[in-house]
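Remarks on the overall topology
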Amino acid sequence: MFSTDINYEVVIFSIGDTKAGTKMGKLQLRDPETGEALNCILWEEALNRMDSKLFRTGNILRIVSGSFNEKFNNCLVNSLELIKEA
């Protein structure tokens, strides 16, 4: 599960293409306190609204808006806030 109260560290970020031909971002975050990993998905519309500098490895982010998908065990992120730059 994710929480909007936790500040996460960026571990890995990549962008790929979906079957429909749109862009999709895959973001792995880590809770610095527990070490627990959180896999996140960002659809093209969300990626277009965010600065690419947000996704640098080591940055500390807060998920402002998102939903957890239990079926895929990942978080669909709509909005992020940069807390501390790496």
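Right above here is the structure, for reference.
This write-up is about the structure you can find in this document. Everything numeric here is computed off the predicted structure, so don't read it as measured data. Think of each chain on its own: its residues are numbered from 1, step by step along the sequence as written. Given that this is a predicted model, residues contribute local features only at a pLDDT of at least 70 and side-chain atom pairs are listed and counted only at 80 or more, while totals for whole chains, interfaces and linings are drawn from all residues. The side-chain values count all of the structure's non-hydrogen atoms but skip hydrogen atoms and water molecules.

Within this document, salt bridges are pairs made up of a side-chain nitrogen of Lys or Arg and a carboxyl oxygen of Asp or Glu, the two lying within 4 Å of each other. Counted under the stated rule, the structure contains 4 salt bridges. Here Asp17 makes a salt bridge to Lys23, at a shortest N to O gap of 2.8 Å. The classification of residues rests on relative accessible area computed with a 1.4 Å probe and restricted to protein chains. Under 20% of the type maximum is buried, over 50% is exposed, and intermediate values are partly exposed. In this structure Lys23 comes out as partly exposed when scored by relative accessible area, which is 36%. For the salt bridge of Arg62 with Glu81, the shortest nitrogen-to-oxygen distance reads 2.9 Å. Placement of the pair is Arg62 in strand 4 (residues 60-69) and Glu81 in strand 5 (residues 74-84), with a sequence separation of 19 residues. The exposure class assigned to Arg62 is partly exposed, which follows from its relative accessible area of 24%. Judged by relative accessible area, which is 33%, Glu81 ranks as partly exposed. Per the convention used, a helix needs a DSSP run of H or I reaching at least four residues, while a strand needs a run of E reaching at least two, with both numbered from the N terminus.

Now for the packing of aromatic side chains. Note on aromatic contacts: the rings of Phe and Tyr and the six-membered ring of Trp form a pair at centre separations within 6.5 Å, being stacked when their planes are under 30 degrees apart, edge-to-face when over 60 apart, and tilted otherwise. As enumerated under the stated definition, the model contains 1 aromatic pair in all. Arranged with centres 4.1 Å apart and planes meeting at 10 degrees, the rings of Phe13 and Phe55 form a pair that is stacked. Of this pair, Phe13 sits in strand 1 (residues 7-17) while Phe55 sits in the loop between helix 1 (44-49) and strand 4; the two residues are 42 residues apart in sequence, bridging distant segments of the chain. The class for Phe13 is partly exposed, based on a relative accessible area of 25%.

At least two bridges found by DSSP between two strands is the condition for calling them paired. Sheet topology places strand 1 next to strand 4; 3 bridges connect them, and they run antiparallel. Counted as the bridge partner of Glu9 is Ile60 from strand 4. As judged from the 8 bridges shared by strand 1 and strand 2 (residues 23-30), these two strands associate in the antiparallel manner. Residue pairing in the sheet places Asp17 in a bridge with Lys23 of strand 2. Here strand 1 folds back onto strand 2, and the loop between the two strands holds 5 residues, one of which, Gly21, carries a positive phi near 90 degrees.

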